[in-house]
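Reading the structure
For reference, the chains in residue letters:
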Amino acid sequence: MKIVAVTACPTGIAHTYMAAEQLERQGKKMGMSIKVETQGAMGIENELDPEDIREAMAVIFAVGIPVQKSERFQGKKIFEFSVQEAIKNAEGILLKVKEGISG
Amino acid sequence: MAEFSFEFPLPLGLHARPASFIQEKCQSFSGEIAFENLRNNRKADAKSILSLITSDTQHQDLCRVTVLGEKEKEFAAELRQFFLNELPVREEKALQEGVAAAALVPRIATEENEICLAGQPASAGITRGKVFLVKPRLDWDSIATAGEGRKALSLEKEKTAFLTAISELKREIEQTISDKSEIGKNILKSHLSILSDRAFVSRVLEVVEKEKKTAITAVARAAEEFSQMLFQAKSQYLRERMADIGDVALGLVEKLGWKKAVEEKAELKEPMVLVSEDLFPSDFLSFKPEFVLGLVLEKAGQTSHTLIMARARGIPAITGVDEASRLLRPEDEVIVDGVRGVVVVSPGEKVRKYYQKEIETEQMLLRSRQQKASLPGMTADGKKIEIAANIGHPEELKKAWQDGAEAAGIFRTELLLYGKPSLPTEEEQLKLYRRVAEEAEGRSVIIRTFDIGGDKPIPSVKLPQESNPFLGYRGIRIYEEHFELFRSQVRAILRAAVFGQLRMMFPMVSLVEEVRWLKENVAEFSRELEAEGLPFNPEVETGIMLEVPSVALFIDKFAPEIDFFSVGSNDLIQYFFAADRGNPRVKYLNQPLNPSFLRLLKSAIDRAHAMGKWVGLCGEIAGDASLTPVFVGLGFDELSMSSNFVPEVKLVLSSLKTTDCQKLVAEAMESATAEDNVQMLANFYQERFSEEVISANLVNLESESQSKAEVIQELAIMLELEGRVSARASLEQALWKREDDVATEIGFGLAIPHCQAGSVRTPTIALIRLKHPVDWQSKEGQPVDLIVGLAIPSGEKLRPKLQLLPRLSRKLIHEEFRACLRQAKSREEIVALIKSALAS
């Protein structure tokens, strides 16, 4: 199962990256392929390319601020959570997304 | 009659502010409205603030309101809605406004609902002590006693006299209210409402009738009673009303014939905090210095001599504290926070503890400042550069020397003329300059002659209105017309120079002829002095300000005429780039690092040196330590600045090598833009002053902090003591701002308070392990025992170091890494762990 995600928070030096790390780790554990783009103080990193997005079955936004370049995700199934939730309960988030895709 | 009952909705109870809202609402009804607290059976008149407050109504007390009069049913229904809906909304709004207004008040003081008065910091430092009102407040007891000594008129006559006094006072206020400022208007409105307050009026009449007292005694008694009542409550608003009652009562007793005795000056017998509207330097000096713990002033200007003296003596001071002398009472215990510009009144346990730490921190910072101040003005490779202070008044010398200044690079004498109706005489100036020469104890002081005009109008010298004063009639250009101004000053300097090392410097020179004219006249004044037989120093060194480009490009012709140059960077930049420095639209042209400007300076300094003359810098930028490498590279012989910056500049200077700085400047002169040079300078710093993101002093493995507030304070203090942040108060505020968005507790017992703030010098990580877990005030409310703080400078998206923080953030997600941080046995071990995490 292929999923893409964007993480972003107001200051962009901590939560953004913690959420990214957590989603990547949890995804691995659950046998999912997740690519996470971070939008932080250093700008956009690990940017999702059109191919990533096209192939993804779902998009996760784990954000506390609006996502930049959100037009890239038009027409995709988007699941939005807070950054905190992604850090504290990545497993729950991924289960919900899994459910959402199949349901 | 219509009535309704309800539970009182406000969490803080019925205090004065909601009482004023209720009164205002009820005034619109012509009949009677009674308010009754059914818990304590106290009854109040809903049209009287004072009466409402005395009902002692708390949150959720059962209350009953009775309305009697025309359309009573309709009004009762309206009033019920008011109590349940409108009142809570208005109160909430008022509370929020209060918090926003006092932005730099420490969080702990807001959390504890302390009374805080805000002003502007005027002299750094923090102190705690009791209030001493420089002008003592009225003593109601003695007025009441004085009133008793008077022969009482008949009961009716006393009552009539009182009511007449009320209506006269009302009329007077109504007549003057429209001319007042906004603050003044509000105060007078409040006075009017007290004059109409039934609780106040009926209490006075009661004392007259039942106790057979004179109206004066009755007013004094009522004033004292109501003041006491309001004083009990912890609210700034109530204190304001208390002061209003005092003002009104005074107006009334004066109308009734009581006269104030000649004011006696109170005596200061122990160390206390002086509170006053303003304070004349002579009054300030009349107190024993060791008895003045701090100053709280309402309207002293930042450049007033009293505040200059306070700074020189290290006495914490705050100015602009509205109504301080009305709101503070003698013997009130206060904390004067000259760092944030806040006065905390009668602080509770937690705030005292907070400030105890702040005071200790200030002492530590002072010691490290003194160490830096004692460094010599010299680069690491032994090149001497004189680090001097800019002063505007002789009183500032003392602080300059304490801060480590080696000379006074410019004494801006025109500051002596502000606000004075007439010019000082030669003798007056002599006295002043002599004092400066003597207090310098052998150090050099450059007296810059009057620079009037431009943005510096003064009352005693009438100058024509000009459309472009900065390019007009200013500096030495006015000396020929205002010859006596020029003559008396130069003569005074020549005479004072007998007592110390004084130098003389002329502002706004643009032509060689001007210098020759100045010199001819100085020579003439010397001849006069000689003829008059007055002692003077004929050898005073003379220099000119280098602030007009025509001088910078013509040094070889100016140099033979004078002894030294001093660059006035503010003016030189604005004339060089043709951009008014006060105009925000062209502010971007203020570019000290522009390569063309650097070339101008470099060629001027090189030429001056070739001709054996030295060049100083006395503009504002001299105090910016981040530019010190550039000034060293350009070859300046002296840097003169506000003495606050002296320790930091000395520290930076002592770590620089001349050759490195010269190389930097040579490269910078070849750049195309100032922006390139900003980056180049940043890299230069990075290479030489690059600090690790964490050090052992930024780790505390056994913190005793007991709350989130204490942890945030500990972080801020840690960073300032380590030199990572220049103003911990603003860092603390930035950290809280982030916490207010969403608390940074992320689970696993870990919190990562972080922020980006202008006062942060370099990206920094700090780690605190708590002995006792604290509540991080987050949604889930899990206690936290491990704190990793991150602070980065504002607007630093480009620096490579910034990438380290995300790397650490990612690492913190791994439980093995957190376990290592929790088990580490020493601070060094933590530093190593974090560094290796950043490297991986």
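Residues numbered from 1 in each chain as written. Chains lettered and ligands numbered in written order. Predicted model: local features only at pLDDT ≥ 70, side-chain atom pairs only at ≥ 80, totals over all residues.

Once that is clear, we can look at the overall build of chain A. Across its full length, chain A carries four helices and five strands. Each helix (α) and strand (β) of chain A, taken in turn from the N terminus, gives the series β-α-β-β-α-β-β-α-α. By the compact-globule yardstick of 13 Å for 103 residues, chain A fits well, its C-alpha radius of gyration being 12 Å. With the C-alpha coordinates aligned to their principal axes, the bounding extent of chain A is approximately 35 × 30 × 20 Å. Sorting the 103 residues of chain A into buried and exposed places 45% on the buried side. (Helix = DSSP H or I, 4+ residues; strand = E, 2+ residues; numbered from the N terminus. Rg over C-alpha atoms; globule rule 2.2 N^0.38 Å. Buried ≥ 20, exposed ≤ 12 C-beta atoms within 10 Å, placed from the backbone.)

What chain B contains, in helices and strands, is 31 helices and 25 strands. Along the longest, intermediate and shortest principal axes, the C-alpha atoms of chain B span 100 × 85 × 50 Å. A fraction of 71% describes how many contacts in chain B between residues 6 or more apart in sequence connect residues 24 or more apart. (Contact = placed C-beta atoms within 7 Å.)

Right, let's get into the packing of helix α1 (residues 15–29) of chain A against helix α4 (residues 90–102) of chain A. Residue and element names in this part refer to chain A. Packing of α1 against α4 brings their axes to within 9 Å, and their N-to-C directions diverge by 65 degrees. You can see that α1 and α4 cross each other, and the crossing is right-handed. When α1 is examined against α4, the residues Gln22, Leu23, Gln26 and Gly27 are found in contact with a partner set consisting of Ala90, Glu91 and Leu94. For the contact of α1 with α4, the residue count by class is three nonpolar, three polar and one charged. (Axes fitted to C-alpha atoms, helices over the stretch in contact; angles between N-to-C directions. Left-handed = near helix turned anticlockwise from the far one by under 90°. Nonpolar A, V, L, I, M, F, W, Y, C, P; charged D, E, K, R; others polar.)

Time to look at the confidence of the model for chain A. Per-residue confidence for chain A gives a mean pLDDT of 92, with 99% of residues at or over 70. Taking the mean pLDDT of every element in chain A, the minimum, 89, falls on strand β3 (residues 43–45) of chain A and the maximum, 95, on strand β4 (residues 58–63) of chain A. (pLDDT = per-residue confidence, 0-100.)

Let us look at the sheet that holds strand β4 (residues 62–68) of chain B. All names here are of chain B. If you trace the four strands from one edge of the open sheet to the other, you get β1-β4-β2-β3, paired in antiparallel fashion. Of all strands in the sheet, those bounded by a partner on one side alone are β1 (2–7) and β3 (42–45). With direction set aside, neighbouring strand axes in the sheet form an average angle of 20 degrees. Both strand β2 (residues 32–37) and β4 contribute to a ladder of six bridges, which runs antiparallel. Note that in β4 the partner of Phe35 across the bridge is Val65. (Pairing = 2+ DSSP bridges.)

Residue and element names in this part refer to chain B. Two elements in contact, helix α29 (residues 804–812) and helix α31 (residues 827–839), have axes separated by 8 Å at closest approach and are oriented at 105 degrees. Judged by the inter-axis angle, α29 sits roughly perpendicular to α31. Taking contact as the criterion, the partners of Leu804, Arg807, Leu808 and Lys811 in α29 are, on α31, Ile834, Ala837 and Leu838. Of the residues belonging to the contact of α29 with α31, the class tally is five nonpolar, no polar and two charged. (Parallel < 35°, antiparallel > 145°, perpendicular 65-115°, else oblique.)

The next thing to look at is the sheet that holds strand β1 (residues 2–8) of chain A. Residue and element names in this part refer to chain A. Judged by pairing direction, the sheet is mixed, and its five strands sit side by side in the order β3-β2-β1-β4-β5 without closing on themselves. Each edge of the open sheet carries a strand with a single partner, namely β3 and β5 (78–81). Pairwise comparison of adjacent strand axes, ignoring direction, gives a mean angle of 20 degrees for this sheet. Direction of pairing for β1 relative to β4: parallel, over a ladder of six bridges. Counted as the bridge partner of Ala5 is Ile60 from β4. The strands that α1 touches are β1, β2 (33–40) and β4; relative to β2, the one it contacts most, it runs at about 180 degrees. Each of β1, β4 and β5 touches α4; the most contacted strand, β4, lies at about 150 degrees to it.

So, about the domain arrangement of chain B. Residue and element names in this part refer to chain B. What the domain assignment lists for chain B is domain 1 (2–101), domain 2 (115–133 + 265–370), domain 3 (140–255), domain 4 (382–687) and domain 5 (696–839). Between the C-alpha centres of domain 2 and domain 5 there is a distance of 33 Å. On the domain 5 side, the residues contacting the seven residues of domain 2 number five residues. For the side of domain 2 that touches domain 5, the class distribution of residues is four nonpolar, one polar and two charged. (Domains from an automatic or database assignment.)

Below, the discussion takes up helix α6 (residues 155–176) of chain B. Residue and element names in this part refer to chain B. The terminal C-alpha atoms of α6 lie 32 Å apart, and with 22 residues this matches the ideal 32 Å at 1.5 Å per residue to within 8%. Turning to α6, its buried residues are Glu158, Phe162, Ala165 and Ile166. All buried residues of α6 lie within an arc of 100 degrees about the axis, which places them on one face of the element. Turned more than 90 degrees from where α6 packs its buried face, Glu156, Lys157, Ser167, Arg171, Glu174 and Gln175 sit exposed. (Expected span 1.5 Å × (residues − 1). Arc of directions from axis to C-beta.)

Okay, the interface of chain A and chain B next. With 17 residues of chain A in contact, the opposing surface of chain B contributes 20 residues. Breaking the side of chain A that touches chain B down by element, the ones donating at least two residues are α1 and α3 (83–88) of chain A. Broken down by class, the residue content of the side of chain A that touches chain B amounts to eight nonpolar, six polar and three charged.

The next point concerns unusual backbone geometry. Residues and elements named next belong to chain B. Unlike most non-glycine residues, Glu331 shows phi in positive territory, near 75 degrees. As for its position among the elements, Glu331 is in the loop between α13 (324–327) and β11 (333–337). Exposure remark for Glu331: the 10 C-beta atoms within 10 Å place this residue in the exposed category. A positive phi angle, near 50 degrees, is found at Ala578, a position not held by glycine. As for its placement among the helices and strands, Ala578 is situated in the loop between α21 (569–576) and α22 (595–610). A tally of 10 C-beta atoms within 10 Å means that Ala578 is categorised as exposed.

Residues and elements named next belong to chain B. Examined against the element boundaries, Leu295 turns out to sit in strand β9 (residues 292–297). Spatially, the C-alpha atoms of Leu295 and Ile458 are 29 Å apart, while their sequence positions differ by 163 residues. Setting aside its immediate chain neighbours within four residues, Leu295 contacts Leu274, Leu279, Ala310, Ile315 and Ala317.

The subject of this paragraph is the pairing of β2(B). All names here are of chain B. Bridge analysis of β2 against β3 gives four bridges, and the strand direction is antiparallel. Looking at the pairing, Phe35 lines up with Ala44 of β3. Linking two consecutive strands that pair antiparallel, namely β2 and β3, is a turn of four residues; a positive phi of about 60 degrees is found at Asn41 within it.

All names here are of chain B. With respect to the helices and strands, the residue Lys399 is situated in helix α15 (residues 396–402). Lys399 sits 186 residues away from Arg585 along the chain, and the two C-alpha atoms are 36 Å apart. Apart from the residues within four sequence positions on either side, Lys399 is in contact with Arg311, Ala312 and Ser643.

With that out of the way, let us pick up the nonpolar core. All names here are of chain B. Within the largest apolar cluster, 174 residues are counted, with the highest numbers of intra-cluster contacts made by Val219 and Val343. Here this core gets nine residues from one element, more than from any other, and that element is helix α9 (residues 215–232). Sequence-distant contacts of Val219, defined by excluding residues within four places in its chain, comprise Val204, Ala249, Leu252 and Val253. Ranked by size, the runner-up nonpolar core spans 92 residues in total, among them Trp401, Met504, Val567 and Leu617. (Core = buried A, V, L, I, M, F, W, Y, C linked by C-beta atoms within 7 Å.)

Moving on to helix α12 (residues 305–312) of chain B. Residue and element names in this part refer to chain B. Among the eight residues of α12, eight are classified as buried, and the element is accordingly described as predominantly covered. If you check which residues of α12 are buried, you get His305, Thr306, Leu307, Ile308, Met309, Ala310, Arg311 and Ala312. One or two residues past the end of α12 sits Gly314, with phi positive at roughly 70 degrees.

Put simply, chain B has an average pLDDT of 89, and 95% of its residues get 70 or more. In the predicted complex, the global pTM is 0.73; the interface-specific ipTM is 0.89.

Moving on, we come to the environment of Tyr17(A). Among the structural elements, Tyr17(A) can be located in helix α1. When the C-alpha positions of Tyr17(A) and Thr7(A) are compared, they lie 7.4 Å apart, and in sequence the two are ten residues distant. Sequence-distant contacts of Tyr17(A), that is, excluding residues within four places in its chain, are made with Thr38(A), Gly40(A), Pro806(B), Ser809(B) and Arg810(B).

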